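Close look at the chain arrangement
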Amino acid sequence: MNRFAFITAAVIAAASGAAADDLTVRSGEHEGFTRLVVHVPQDTGWVLKHTKNGARLHVALKDATYDISSVFRRLTQDRLTAMSQAKPGAALELEFGCDCVASAYLFKNTMIVIDIAPGTLPPSLISDVPLPVLPENRKQEPAPGSEQALDTLALPLLNQNANGFEDQLSTRLLQGADRDIIDLNIAAVGPRASTSKQEVFLPSDLEMNIQVTSILDDLEGLLGPDIPELKKRRDCVSSDELAFEDWSDGRPFAVQAAYLRSELYQEFDTVDTQKAMELAKLYAYSGFGAEAMTALNLLGDQSLETDRVAAIGRVLDNGPLTENNPFAGLQRCDSDAALWAALTEGNLREDANLTAIEQSFVRLPDHLRRHVGPALSDILVDGKELEAARRVLRSVDRVNTQTNASLAHAKASVASAEGDAPKTEALLTEAIEASDATFEAPIALTRLVDKRWRERGAISPKELELADSYTVEFRHADIGEMMQRTHAVALSLGQEFDAALDALAELPEDEDTADALNRVVLILTERAEDATFSRRILALPQKQADQLTTDTAIAVANRLTELGFSRQARALANRPQDRLRTDELARVRARAALLDQRPHQALLELEDDHTEEAIDLRAEALQAAGEFAAAGALMRDAGRTDDASRFYWLADQTDEAELAQSEKFDLVIKSTLGLTAEVGRLPDTPLADAKSLLRDSAETRQMVADLLGTLVEN
């Protein structure tokens, strides 16, 4: 058992380590600068270097890959024009669209913040700041009349001349800058107003060309939406202070509720605030969130205690809170507050105290464990804590008498995170078909359709009908639009492309609709027959065409070139918003140019591309331009000798071909050389000459037959 547990822990650790190398890049526009935030594991080394018209970010992760799919969706300026990574582990290349510089710093040890702003690189500090020269430590006789002034100052640092003070200050400033304690703003080189030298101390109104500021002075107000503001952390709430276990005295709920309700009103119908608070706590403890809120409304006054009871009541009925959360930031606490902080915030923080959360969950009464267990499991799965999620679900299983929809849905989340596709599908189907399913069933169906789309699977008629019925049933609910998008994707998986695109046209234009549109168009491109594909794509409204991602646009444009629609393919491959995968877009434009009989334009598109596909396209363009010898040289440099021999044969430059290989066109060249060889004649012996001609004629016919046979092979 111990060996199995060790192997399991090692596998989970390896999986977590692999996932840690996927670095998410987020973006935001601010007044005067563009901000990028790269999330990295703690204690990760990194370096940002400036390049020509750009910058390069390198992190000390061997297989780091950058997720930059959503970067340009939020950018409106042209300060950042392109981002790319050559391969996993390589640096992230940034290209600027202006005369900009990038500055970077590490925030909370897990976020690399890069700000791109117009400007030029400042001169080196070392070139402007003189080397420190400390004054000799020798005693000096005080000037007459100055003893009283020196005694009044009582500052040993000023007991030297002005030059010595400046030298020592320069040393301290450079040390502080190296340790990231201060920022140095050095004034530009040039004439300045002169100041009088003082041999004993510096006057208070002395103007210097060095401005010293703290890093935190400029931090407030510059933090964008990707960086949380620096705030004082809330004090933890102890379990004794919250006293959740004392919200019920152990008697049956009906007995306690009846007693408190009978004692709720006093003389003259005044509310007993203590009994109202006890009733609200009892309702919350018993899982009745709406009733707890109603009891709290009787109090009128609001306090920290009422806020906590109200937060627990709201989260029991409505899920995570969006505002006014008294438990916000308390997941780090070693008390029951950590559990309620996780449930009310809806996500797992990096500083969360998992031990306290799980121990508090186990101490909950059985009915609350059944109620909040699936939600807590989903939070742990999203936080990459799979083993903790399994423990929570096992705890729910121990007190659960029958499988319900929410529990099956939570187990499906764990199975999906584990990569167990069959188990995930079975659990999602179980959640959909559960008798107690309300909102869990449509959400489970949405996840099932998403899983089928990612796996490029099929959808059953029953599931398609269910998606259609949920679209009608929940059309006025909060999940109404989500179910319409799910129905559209399900229709595309069922080969009903016209109905899918028509359904998406009725939805509002937002990011979620655009994502569903891209999914439908990708399935249309991959599965639809030529007539349906061309009819729907060529009739796609411009607004929807602009919402296609770069990946979708490339897939659609490639199929359009296969069908001969060069103009439409070139338009999709030449959109200004596509700043990623530029080489693939250039190849699409090159194929479109070849369709339009413009080989030189194709060569221009492929000028900086050295991939195998680009070499084939370049050779095709050279052949279309009649430059067979250049195409042969291109194939020879690429190490493809047979293709090089073919082009040299077409160019009638067989002497350039390498005939040592037994390739197809090497044999063709040899046969051609044999056919073009001069025939020997015997004029002095007519009869022998005739016999020789007959023999050469037979050999020629055989050589021609062999040549034709070689050409038609393969």
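Relevant structure appears above.
A few points on the structure.

Parameters at a glance
Residues numbered from 1 in each chain as written. Predicted model: local features only at pLDDT ≥ 70, side-chain atom pairs only at ≥ 80, totals over all residues. Heavy atoms only, no water. Axes fitted to C-alpha atoms, helices over the stretch in contact; angles between N-to-C directions. Helix = DSSP H or I, 4+ residues; strand = E, 2+ residues; numbered from the N terminus. Parallel < 35°, antiparallel > 145°, perpendicular 65-115°, else oblique. Left-handed = near helix turned anticlockwise from the far one by under 90°. Contact = heavy atoms within 4.5 Å. Phe/Tyr/Trp six-rings, centres within 6.5 Å; stacked < 30°, edge-to-face > 60°. Lys NZ or Arg CZ within 6 Å of the ring centre and 35° of its normal. Disulfide = S-S within 2.5 Å. Buried < 20%, exposed > 50% of the residue type's maximum accessible area, 1.4 Å probe, protein only. Pairing = 2+ DSSP bridges.

**Quick notes on the packing of helix 20 (residues 511-527) against helix 23 (residues 550-562)**
For the pair helix 20 and helix 23, interaxial distance at closest approach is 10 Å and the crossing angle is 25°. Relative to helix 23, helix 20 is oriented roughly parallel. Like other packed secondary-structure pairs, helix 20 and helix 23 cross with a definite hand, here left-handed. Counted together, Asn518, Val521, Leu522, Leu524 and Thr525 of helix 20 and Thr552, Ala555, Val556 and Arg559 of helix 23 form the full contact between these two elements.

**What about the packing of aromatic side chains?**
The final tally for this structure, using the stated rule, is six aromatic pairs. For the ring pair phenylalanine 244 and tyrosine 285, a centre distance of 5.3 Å and an interplane angle of 40° mean the geometry is tilted. Of this pair, phenylalanine 244 sits in the loop between helix 5 (239-242) and helix 6 (253-262) while tyrosine 285 sits in helix 7 (residues 273-285), placing them 41 residues apart in sequence. Residues phenylalanine 253 and tyrosine 283 carry aromatic rings whose centres are separated by 6.0 Å and whose planes lie at 55° to one another, so their mutual orientation is tilted. Residue phenylalanine 253 is found in helix 6, and its partner tyrosine 283 is found in helix 7; the two are separated by 30 residues along the sequence. Seen from the ring of tryptophan 453, arginine 456 lies directly overhead, with NZ or CZ sitting 4.3 Å from the centre. Above the plane of the ring of tryptophan 453 lies arginine 519, whose end atom (NZ or CZ) is 4.4 Å from the centre.

**Some remarks on the state of the cysteines**
Note on terminology: a disulfide is the covalent bond linking the sulfur atoms of two cysteines. All chains considered together, the criterion is met by two disulfides. Disulfide pairing is shown between cysteine 98 and cysteine 100; the S-S distance is 1.7 Å. Between cysteine 98 and cysteine 100 the sulfur-sulfur dihedral comes to about -65°; the bridge is accordingly left-handed. Residue cysteine 98 is classed as partly exposed on the basis of its relative accessible area of 22%. Put simply, cysteine 236 and cysteine 333 are joined by a disulfide, and their sulfur atoms are 2.1 Å apart. Taking the sign of the S-S torsion, -95° for the link of cysteine 236 and cysteine 333, the bridge is left-handed. One end of the pair, cysteine 236, is in the loop between strand 11 (210-214) and helix 5; the other, cysteine 333, is in the loop between helix 9 (304-318) and helix 10 (337-345), with 97 residues separating them in the sequence. Overall, cysteine 333 belongs to the buried group, its relative accessible area being 1%. Here the disulfide map of the protein chain reads 1-2, 3-4, the bonded cysteines being numbered as they appear in the sequence.

**Some thoughts on unusual backbone geometry**
Of note in the backbone geometry, alanine 243 takes a positive phi value of approximately 50° without being a glycine. Residue position: alanine 243 is located in the loop between helix 5 and helix 6. If you check the backbone angles, glutamine 495 has positive phi at about 70° while not being a glycine. With respect to the secondary-structure elements, glutamine 495 resides in the loop between helix 18 (480-493) and helix 19 (497-505).

**Considering the sheet that holds strand 9 (residues 111-118)**
The pairing of strands in a sheet comes from backbone hydrogen bonds and takes either a parallel or an antiparallel form. Here five strands make up an open sheet; going across it, the order is 5-1-2-9-8 and the pairing mixed. Each having just a single partner strand, strand 5 (65-67) and strand 8 (100-107) make up the two edges of the open sheet. Strand-to-strand twist of the sheet, defined as the mean angle between neighbouring strand axes without regard to direction, takes the value 25°. Of the strand pairs in this sheet, strand 2 (residues 33-39) and strand 9 are connected by six bridges, and their pairing is antiparallel. Looking at strand 9, one finds that threonine 34 is bridged to isoleucine 116.

**Things to note about the sheet that holds strand 7 (residues 92-96)**
Spatially, the four strands line up as an open sheet ordered 3-4-7-6, and their pairing is antiparallel. Each having just a single partner strand, strand 3 (46-51) and strand 6 (80-84) make up the two edges of the open sheet. For this sheet the average axis-to-axis angle between neighbouring strands, irrespective of direction, equals 20°. Of the strand pairs in this sheet, strand 4 (residues 54-59) and strand 7 are connected by four bridges, and their pairing is antiparallel. Looking at the pairing, alanine 55 lines up with leucine 94 of strand 7.

**A few points about the side chain of serine 335**
Here serine 335 is to be found in the loop between helix 9 and helix 10. On the accessibility criterion, serine 335 (6% relative accessible area) is buried. Non-local contacts of serine 335, meaning those with residues more than four positions away in its chain, are made with Val237, Ser238, Ser239, Ala356 and Ser360.

**A word on the environment of methionine 277**
With respect to the secondary-structure elements, methionine 277 resides in helix 7. Once the C-alpha coordinates of methionine 277 and glutamate 305 are considered, the two residues, 28 residues apart in sequence, prove to be 9.2 Å apart. Beyond its immediate stretch of four places on either side in the chain, methionine 277 contacts Leu296, Leu299, Glu305, Thr306 and Val309.

**Here we look at the pairing of strand 1 (residues 22-30)**
The pairing of strand 1 with strand 5 spans three bridges and is parallel. Looking across to strand 5, one finds that leucine 23 is bridged to tyrosine 66. Note: strand 1 against strand 2, six bridges, orientation antiparallel. Across the sheet, glutamate 29 pairs through a bridge with threonine 34, a residue of strand 2. Following strand 1, the chain reverses through two residues before pairing antiparallel with strand 2; glycine 32 in that reversal takes a positive phi of roughly 95°.

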